[in-house]
Amino acid sequence: MSEPPTTTPGEGFHPHLPDTEGRPAASLRTRLHHIRADALDADTAQSGGMRRFAAISGRTVGSEKLWMGQTLVAPATSSSDHHHGASETAIHVVAGHPEFVFLDDSGDEPQEVRLRTSPGDYVFVPPFVPHREENPHPTEEAVVVIARSTQEAVVVNLPHLYALPAEDA
């Protein structure tokens, strides 16, 4: 049995089928896309203390309902406080032990909560929930893969994790 033809980034799903007169080349929405690790797009919304790279987005592959990429959190640092607008966000921890901080106001007193994670863990961030990522390790970078329910990396940076009471503002 012979090996199927291989593709390179940018080629269509059926590279062995030539374009014919009257039939246009495959559009972004009718083929698979291969995004190599060294080809991630750094031109994304950013927060201080971290770097986001797009793999799957409206701009990179024509996605309409999904954004996926990688985020790096430097050693001994934390991101700015932020939320992701109406986007649902799923996070998969690849390396390091990043911590995710948010305010739980479901009880009698609002309480800051810190989720300590390990490689292989997942975190779900609902729409509009203010949070920040921290990497307490002094020398190792934390790496996470992120998927969002919007086609772009929506990031709304905030001055605080939550609204301060009037007397403290």
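You'll find the structure just up there.
Residues numbered from 1 in each chain as written. Predicted model: local features only at pLDDT ≥ 70, side-chain atom pairs only at ≥ 80, totals over all residues. Heavy atoms only, no water.

Trainee: Can you break down the overall build of the protein residue by residue, with the values?
Mentor: Counting secondary structure elements, the protein contains one helix and eleven strands. Along its sequence from the N terminus, the protein presents helices and strands in the succession β-α-β-β-β-β-β-β-β-β-β-β. Each of the 169 residues in the protein was classed as buried or not, and the buried ones make up 30%. The long-range fraction of contacts in the protein, counting pairs at least 24 apart against all pairs at least 6 apart in sequence, stands at 69%. (Helix = DSSP H or I, 4+ residues; strand = E, 2+ residues; numbered from the N terminus. Buried < 20%, exposed > 50% of the residue type's maximum accessible area, 1.4 Å probe, protein only. Contact = heavy atoms within 4.5 Å.)

Trainee: An account of the pairing of strand β1 (residues 50-56) is requested, with residue identities and associated values reported.
Mentor: Within a regular strand, the side chains alternate between the two sheet faces. Most of β1 is tucked away: five of the seven residues are buried. Summarising the sheet, β1 and strand β2 (residues 67-73) pair through six bridges and their orientation is antiparallel. Residue pairing in the sheet places Arg 51 in a bridge with Leu 72 of β2. (Pairing = 2+ DSSP bridges.)

Trainee: Quick rundown of the sheet that holds β1? Include the residues and the values.
Mentor: Strand order in the open sheet made by the five strands is β1-β2-β10-β5-β8, with antiparallel pairing throughout. Each end of this open sheet is capped by a strand with a single partner; those strands are β1 and β8 (122-125). Here the average twist between neighbouring strands, direction ignored, is 25°. Inspection of the sheet shows strand β5 (residues 89-95) paired to β8 by four bridges, in the antiparallel sense. Looking at β8, one finds that Thr 89 is bridged to Val 125. (Axes fitted to C-alpha atoms, helices over the stretch in contact; angles between N-to-C directions.)

Trainee: Can you explain the environment of Gly 120? Please cite residues and give values.
Mentor: In this fold, Gly 120 is placed in the loop between β7 (111-116) and β8. Given a relative accessible area of 40%, Gly 120 falls into the partly exposed group. In this structure, the C-alpha to C-alpha distance between Gly 120 and His 92, residues 28 residues apart in sequence, is 6.5 Å. Apart from residues lying up to four places away in sequence, Gly 120 is in contact with His 92 and Val 93.

Trainee: Which residues make up the side chain of Ser 57, and what values go with them?
Mentor: Tracing the sequence through the fold places Ser 57 in the loop between β1 and α1 (58-61). Other than its neighbours up to four places away in sequence, Ser 57 contacts Gly 62, Ser 63, Leu 66, Trp 67, Gln 151 and Glu 152.

Trainee: Outline the pattern of salt bridges, supporting the account with residue identities and numerical values.
Mentor: Tallying each qualifying case throughout the model produces six salt bridges. Between Arg 114 and Glu 134 there is a salt bridge whose closest N-O contact spans 2.3 Å. Taken as a pair, Arg 114 in strand β7 and Glu 134 in strand β9 (residues 131-135) lie far apart in primary sequence, 20 residues in all. What emerges from the salt-bridge pattern is a single network uniting Asp 81, Glu 99, Glu 112, Arg 114, Arg 116, Arg 132 and Glu 134. (Salt bridge = Lys/Arg side-chain N within 4 Å of Asp/Glu carboxyl O.)

Trainee: Provide a residue-level description of the packing of aromatic side chains, including the pertinent values.
Mentor: Ring pairs (aromatic) are described by centroid distance and by the angle formed between their planes. With the rule as written, the count across this model stands at zero aromatic pairs. Cation over ring: Arg 148 sits above Trp 67, and NZ or CZ is 5.1 Å from the ring centre. (Phe/Tyr/Trp six-rings, centres within 6.5 Å; stacked < 30°, edge-to-face > 60°. Lys NZ or Arg CZ within 6 Å of the ring centre and 35° of its normal.)

Trainee: Just give me the short version of the nonpolar core, but keep the residues and values in it.
Mentor: With ten residues, the main nonpolar core is built from Ala 54, Trp 67, Ile 91, Val 93, Phe 100, Val 123, Val 125, Val 144, Ile 146 and Ala 153. When contributions to this core are tallied by element, the ones reaching two or more residues are β5, β8 and β10 (142-148). Not counting residues up to four positions away in its chain, the partners in contact with Ala 54 are Leu 40, Asp 41, Thr 44, Trp 67, Met 68 and Gly 69. (Core = buried A, V, L, I, M, F, W, Y, C linked by side-chain atoms within 4.5 Å.)

Trainee: Before we move on, can you summarise the side chain of Asp 81 with the specific residues and values?
Mentor: Tracing the backbone through its elements, the reader meets Asp 81 in the loop between β3 (77-78) and β4 (82-83). Looking at Asp 81, its side chain comes within polar contact range of the side chain of Arg 132, at 3.2 Å. Looking at Asp 81, its side chain comes within polar contact range of the main-chain nitrogen of Leu 161, at 2.9 Å. When residues no more than four places from it in sequence are discounted, the contact partners of Asp 81 are His 131, Arg 132, Val 156, Asn 157, Leu 158, Pro 159, His 160 and Leu 161. (Polar contact = N/O pair within 3.5 Å; in protein donor to acceptor, adjacent residues only side chain to side chain.)

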